[in-house]
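Next come the chains, spelled out residue by residue.
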Amino acid sequence: MRIGLGLPHYGALATVDALLQVSRAAEAMGYDSLWTGDRLFVPVRPSNPYPDASGVIPPQFATYMDPLTALTFAAAHTERVRLGMSTLNVLWYPPVVLARTLTTLDILSRGRVDAGFGIGWMRDEYTAVNVPWERRGARLDETLDLLEKIWTSELVHHDGPLFTVVPTPIEPKPVQRPRPPILLPGFTPQAMRRVGRRADGWLAVGAPLSGLGYLWSTIRREAEDAGRDPAEIRFIVRMNPHLTDVKADTEKVPSKGTMDQVIDYARCLVEVGADEVFIDLGQTTTSAAEVLDRAGTFYDGVRAG
């Protein structure tokens, strides 16, 4: 199983020195991937609660670097690690502009981009970028259609409900062919269907293993129904643990628990078919040194299993 680490690009850790130190050290430790997320701001009175049991947006999210710029910086200071988004809120960006940005990152990183696309959860951010909140699923589908054309067609032509591109060649193309892997999140039936039918991977979050296993089997069935080989779809699990010194109740892991509990959970992900796990320590650390200390413990612990 591959192991990844969230980059320190939000909260008090969002500094150039922390990004540089963590990027280089994580690759040297043996980490397989580095990841960013996407957040615009934290309103005084949010339109939507945070999608976890508490409903409270983590205070660290009030400071957030641009995820693609942070990955580009990491790309310049690493040579091997994959560079992923979990997730980029893809509907905020015009597809033609986003295709150019991700293509550029793929070229500059020599083909290391994993394009993780989400649709967010807070209406206030959509209002701020003048994108409709309604029909987000349909907008996502057309966005994916257009990105596919830009990345794989010599002559791009698109005439859809939301976007129009007159016949035109669009260059350059990504290093990865036919395009960078597209990873999608989600737990609804519609999201499961979309992952199974058109994504290269599923971006899950830490949850009870039985639930993850059931959802993964659903995705695999959707892939088979679409005539795809389920073995070609990756299964990636993100963990955002609040690390404690005292053991947490089992049902709260990996959202909360000791490092040993989080490591044990990560090891067990293999049993439900996961290909990769990555840990984001941004909500439970206060310095780059602490990130790397805990990242080292996590990496060694998972690899030892």
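Engineer: Account for the overall build of the protein chain, with residues named and values stated.
Structural biologist: Counting secondary structure elements, the protein chain contains nine helices and 13 strands. What you see for the protein chain is a C-alpha radius of gyration of 19 Å, in line with the 19 Å of a compact globule of 305 residues. Counting over 305 residues, the protein chain shows a buried share of 52%. Carbon and sulfur atoms form 53% of the exposed surface of the protein chain, whose accessible area is close to 13,900 Å². For the protein chain, the separation between the mean place of its 32 positive charges and that of its 37 negative charges on side chains is 3 Å.

Engineer: Account for empty space enclosed by the protein, naming residues and giving values.
Structural biologist: This structure, assessed with the given rule, holds one cavity of 30 Å³ or more. Here the largest cavity defines a volume of roughly 50 Å³. Taken together, Gly6, Leu7, Pro8, Tyr10, Leu13, Asp280, Leu281, Gly282 and Val291 make up the lining of the largest cavity. Here the residues of the lining of the largest cavity are counted per class, giving six nonpolar, two polar and one charged.

Engineer: Describe in detail a nonpolar patch on the surface, supporting the description with residues and values.
Structural biologist: Among the surface-exposed residues, Ile107, Leu108 and Val175 lie close enough to one another that they form a single nonpolar patch of about 250 Å² accessible area. Of note, isoleucine 107 is situated in helix 3 (residues 95-108). A relative accessible area of 33% means that isoleucine 107 is categorised as partly exposed.

Engineer: Could you give me a rundown of helix 9 (residues 288-304), with the residues and numbers involved?
Structural biologist: Counted at 1.5 Å a residue, the expected span for helix 9 with its 17 residues is 24 Å, and the 24 Å between its end C-alpha atoms agrees. Each element contacted by the buried residues of helix 9 is listed here: strand 1 (2-6), helix 1 (16-29), strand 10 (234-239), helix 8 (259-268) and strand 13 (276-279).

Engineer: Quick rundown of the pairing of strand 13? Include the residues and the values.
Structural biologist: The alternating pattern of strand 13 places Glu276 and Phe278 and Val277 and Ile279 on opposite faces, both of which are buried. Bridge analysis of strand 10 against strand 13 gives four bridges, and the strand direction is parallel. Looking across to strand 13, one finds that valine 237 is bridged to valine 277.

Engineer: So what about the nonpolar core? Which residues, and what values?
Structural biologist: Leu5, Tyr31, Phe117, Trp202, Phe235 and Phe298 are the most contacted members of the largest nonpolar core, which totals 77 residues. In terms of residue count, helix 9 provides more of this core than any other element does, seven residues in total. For phenylalanine 235, the residues in contact, after removing those within four places along its chain, are Trp202, Ala204, Leu212, Trp216, Val272, Gly273, Ala274, Asp275 and Glu276. Listed in part, the seven residues of the second largest apolar core include Tyr10, Tyr50, Tyr64 and Met122.

Engineer: An account of the packing of aromatic side chains is requested, with residue identities and associated values reported.
Structural biologist: Enumeration according to the criterion identifies 13 aromatic pairs in this entry. Ring geometry for tyrosine 31 against tyrosine 299: centres 5.1 Å apart, planes inclined by 45 degrees, an arrangement best described as tilted. Remark: tyrosine 299 occurs in helix 9 and tyrosine 31 occurs in the loop between helix 1 and strand 2 (33-36); sequence separation between them is 268 residues. By relative accessible area, which is 0% here, tyrosine 31 ends up buried. Residue class for tyrosine 299 comes out buried when judged on its relative accessible area of 12%. Pairing phenylalanine 187 with tryptophan 202 gives two aromatic rings, centres 6.1 Å apart and planes at 75 degrees, and the pair type is edge-to-face. With phenylalanine 187 in the loop between strand 8 (182-185) and helix 6 (189-198) and tryptophan 202 in strand 9 (residues 201-205), this residue pair connects regions lying 15 residues apart in the sequence. For tryptophan 202, a relative accessible area of 0% puts it in the buried group. An aromatic cluster of at least three residues, connected via ring pairs, comprises Tyr10, Tyr50, Phe61, Tyr64 and Trp121.

Engineer: Now, about unusual backbone geometry: what can you tell me, with residues and values included?
Structural biologist: Here glutamate 171 and proline 172 are connected by a cis peptide whose omega angle stands at 0 degrees. Residue placement: proline 172 occurs in the loop between strand 7 (164-168) and strand 8. A cis amide bond links arginine 177 to the next residue, proline 178, at an omega of 10 degrees. One can find proline 178 in the loop between strand 7 and strand 8. Here arginine 110, not a glycine, exhibits a phi torsion of approximately 60 degrees, which is positive. Among the secondary structure elements, arginine 110 is positioned in the loop between helix 3 and strand 5 (113-118). On the basis of relative accessibility, which here comes to 73%, the residue arginine 110 falls in the exposed class.

Parameters and conventions
- Residues numbered from 1 in each chain as written.
- Predicted model: local features only at pLDDT ≥ 70, side-chain atom pairs only at ≥ 80, totals over all residues.
- Heavy atoms only, no water.
- Helix = DSSP H or I, 4+ residues; strand = E, 2+ residues; numbered from the N terminus.
- Rg over C-alpha atoms; globule rule 2.2 N^0.38 Å.
- Buried < 20%, exposed > 50% of the residue type's maximum accessible area, 1.4 Å probe, protein only.
- Areas by Shrake-Rupley, 256 points an atom, 1.4 Å probe, with all protein chains shown as cover.
- Lys, Arg positive; Asp, Glu negative; His and termini not counted.
- Charge placed at Lys NZ, Arg CZ, Asp CG, Glu CD.
- 1 Å grid on protein atoms, 1.4 Å probe; cavity = no way out; pocket = protein on both sides within 12 Å on 5 of 7 lines; lining within 4 Å.
- Points joined across faces, edges and corners; volume = space filled by probe spheres on them.
- Nonpolar A, V, L, I, M, F, W, Y, C, P; charged D, E, K, R; others polar.
- Patch = residues over 30% accessible without salt bridge, like charges linked within 9 Å, V, L, I, M, F, W, Y side chains within 5 Å.
- Salt bridge = Lys/Arg side-chain N within 4 Å of Asp/Glu carboxyl O.
- Expected span 1.5 Å × (residues − 1).
- Contact = heavy atoms within 4.5 Å.
- Pairing = 2+ DSSP bridges.
- Core = buried A, V, L, I, M, F, W, Y, C linked by side-chain atoms within 4.5 Å.
- Phe/Tyr/Trp six-rings, centres within 6.5 Å; stacked < 30°, edge-to-face > 60°.

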